[in-house]
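# Descriptive structure summary
The residues making up each chain are set out below.
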Amino acid sequence: MAINPDVPIDITYLDQEWLLPHQVRLGLLRLDQIHPVISGNKWFKLKENVQLARSQQLETLLTFGGAHSNHLVATAAAAQAYGFNSIGMVRGLHAAARPTATLQHCAELGMQLVYLSREQYRQKEDPAWLQSLGDQFGPAYIIPEGGQNEPGRAGAGQIAGYLPPDCTHVALAVGSGTTFAGLRSALDPDIHMTGFTVMKGGSYLEDQMRPYLPEARHNRHLVTGYHFGGFARHTPELITFMNDFYRRHHIPLDFVYNAKMMAGLLDLIRLHQFPARSHIIALHTGGLQGNHSISPLLEWTS
Ligand SMILES: *Cc1c(COP(=O)(O)O)cnc(C)c1O
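This write-up is about the structure you can find in this document. Bear in mind that the values here come from a model prediction, so they are computed numbers and not experimental data.

Across its full length, the chain carries 11 helices and 10 strands. The C-alpha radius of gyration computed for the chain amounts to 19 Å, which stays within 12% of the reference 19 Å derived for 302 residues, consistent with globular compactness. The C-alpha extent of the chain, read off along each of the three principal axes, is 60 × 45 × 35 Å. The 302 residues of the chain split such that 55% are buried. Sequence separation of at least 24 residues holds for 73% of the intrachain contacts in the chain that already meet a minimum separation of 6. Counting every atom, the chain has about 13700 Å² of accessible surface; 50% of that belongs to carbon and sulfur.

On to the sheet that holds strand S5 (residues 111-116). In spatial order, the strands read S5-S4-S3-S6; together these four strands make up an open sheet with parallel pairing. At either margin of the open sheet sits one strand with a lone partner, and together these are S5 and strand S6 (141-143). When the angles between neighbouring strand axes are averaged without regard to direction, this sheet yields 20 degrees. Pairing analysis gives six bridges linking strand S4 (residues 85-91) to S5, with the strands arranged parallel.

Applying the stated rule across the entire model yields 12 salt bridges. Three or more residues are tied together by salt bridges with common partners; here these are Arg91, Lys124, Glu125 and Glu145.

On to the packing of helix H1 (residues 41-55) against helix H7 (residues 150-157). Following both chains from N to C, one finds H1 and H7 inclined at 125 degrees, their axes separated by 6 Å at the closest point. Judged by the angle between their axes, H1 and H7 are oblique. Judged by the sense of rotation from one axis to the other, the crossing of H1 with H7 is right-handed. The residues of H7 that touch H1, namely those facing Phe44, Lys45, Glu48, Asn49 and Leu52, are Pro151, Gly152, Gly155 and Ala156. Taken together, the residues of the contact of H1 with H7 break down into four nonpolar, three polar and two charged.

Taken together, 15 residues are adjacent to the ligand, and Lys42, Asn70, Ser176, Thr179 and Thr285 come closest. The separation between an oxygen atom of the ligand and a polar main-chain atom of Thr178 is 3.5 Å. One of the side-chain N or O atoms of Thr179 is found 2.7 Å from an oxygen atom in the ligand. The protein chains hide 97% of the 380 Å² of surface that the ligand would expose on its own.

Bringing the packing of aromatic side chains into the picture now. What the rule picks out here adds up to eight aromatic pairs. Note on Phe64 and Trp129: the rings are 6.2 Å apart at their centroids and 45 degrees apart in plane angle, and the pair reads as tilted. One end of the pair, Phe64, is in strand S3 (residues 60-65); the other, Trp129, is in helix H6 (residues 127-137), and 65 residues separate them in sequence. For Phe64, a relative accessible area of 1% puts it in the buried group. For Trp129, a relative accessible area of 13% gives the class buried. Its guanidinium or amino end placed over the ring of Tyr212, Arg153 lies 3.6 Å from that ring's centre, counting from NZ or CZ.

A word on the sheet that holds strand S10 (residues 279-284). Remark on secondary structure: sheet strands pair via backbone hydrogen bonds, oriented parallel or antiparallel. An order of S1-S2-S10-S7-S8-S9 is seen for the six strands of this open sheet, with the pairing classed as mixed. In this open sheet, the two strands that pair with only one neighbour each are strand S1 (11-13) and strand S9 (220-223). When the angles between neighbouring strand axes are averaged without regard to direction, this sheet yields 25 degrees. Note that S1 and strand S2 (residues 25-30) share three bridges and pair antiparallel. Looking at the pairing, Tyr13 lines up with Gly27 of S2. Running at roughly 175 degrees to strand S8 (residues 192-197), helix H8 (residues 178-186) makes contact with strand S7 (169-174), S8, S9 and S10 of the sheet.

This part covers unusual backbone geometry. You will see that Gln57, though not glycine, has its phi angle at about 55 degrees, which is positive. Among the secondary structure elements, Gln57 is positioned in the loop between H1 and S3. The exposure class assigned to Gln57 is exposed, which follows from its relative accessible area of 69%. Not every positive phi belongs to a glycine, and Phe228 is a case in point at roughly 50 degrees. Considering the arrangement of structural elements, one finds Phe228 in the loop between S9 and helix H10 (236-249).

Here the focus is the nonpolar core. Ranked by internal contacts, the top residues of the largest apolar core, which has 86 residues, are Leu26, Val170, Met242, Met262, Leu265, Ile269 and Leu283. Ranked by size, the runner-up nonpolar core spans 10 residues in total, among them Leu62, Met89, Val114 and Leu133.

What counts and what doesn't
Residues numbered from 1 in each chain as written. Predicted model: local features only at pLDDT ≥ 70, side-chain atom pairs only at ≥ 80, totals over all residues. Heavy atoms only, no water. Helix = DSSP H or I, 4+ residues; strand = E, 2+ residues; numbered from the N terminus. Rg over C-alpha atoms; globule rule 2.2 N^0.38 Å. Buried < 20%, exposed > 50% of the residue type's maximum accessible area, 1.4 Å probe, protein only. Contact = heavy atoms within 4.5 Å. Areas by Shrake-Rupley, 256 points an atom, 1.4 Å probe, with all protein chains shown as cover. Pairing = 2+ DSSP bridges. Axes fitted to C-alpha atoms, helices over the stretch in contact; angles between N-to-C directions. Salt bridge = Lys/Arg side-chain N within 4 Å of Asp/Glu carboxyl O. Parallel < 35°, antiparallel > 145°, perpendicular 65-115°, else oblique. Left-handed = near helix turned anticlockwise from the far one by under 90°. Nonpolar A, V, L, I, M, F, W, Y, C, P; charged D, E, K, R; others polar. Near = heavy atom within 4 Å. Polar contact = N/O pair within 3.5 Å; in protein donor to acceptor, adjacent residues only side chain to side chain. Phe/Tyr/Trp six-rings, centres within 6.5 Å; stacked < 30°, edge-to-face > 60°. Lys NZ or Arg CZ within 6 Å of the ring centre and 35° of its normal. Core = buried A, V, L, I, M, F, W, Y, C linked by side-chain atoms within 4.5 Å.

This is the structure in structure tokens:
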């Protein structure tokens, strides 16, 4: 399926009685609807990289990720859609024996998977090692794990163009911080950004993102308390939240990112953390393919 980034992206407003007394409007920017696999922010982080690979006349995209990585499968799908070969360097040798649904999907999309020990994988930013990959696998355009590079941030900044002009707040889930930093740089400084980190101890991301954040724009903060046990972990409470949310709004959320963001955001609204008349846009960044591993717990099939 081709990707047409020029199609309008819907905003679904939550019509929820309890929002009324808080006098806020809350809409979800449905980046999840861009493409079933290259969904959400992953497409924005990839699009400038794909252009660069093409302009450098490289025929292969090579990238990195764990066995459940949305970025890996998005890269595989984008490579297929745009006529590139793809190579995925997978963290952990154990994954080779029992490939996850995500890795199987990558392979079906034509991605060559290379399994690395955790020690090998740690070299993923070492220029000499990356050079040696070129010798081993042929010339390739290398995209860092999670699309964490300048073109990735620039692409993420383009999400700003899909926000309504009177939006006052943006909320989003934060993994590597690439989307947050790219969007913060591109967004009107008057719009406040709240990032919900999805791993334990997410405050380290503040330091990680700082080099990429314009100093004058402090209109942002990270919320670190809604990790529900840690990265890619879940609790019964989170699953109940996801099922309730689906029943009420018919919007599926992924358990790794968007469910945590949305649970946190609704909590903060309840706790009066947003001023009256706020117009909040939450980014639905997709990632629904990740729900495969918990599908028996969910009341819907995606
Ligand atoms: C990767 C991902 C994120 C986090 O994006 P970063 O740019 O790494 O912070 C959020 N939501 C979904 C669904 C993702 O797959």
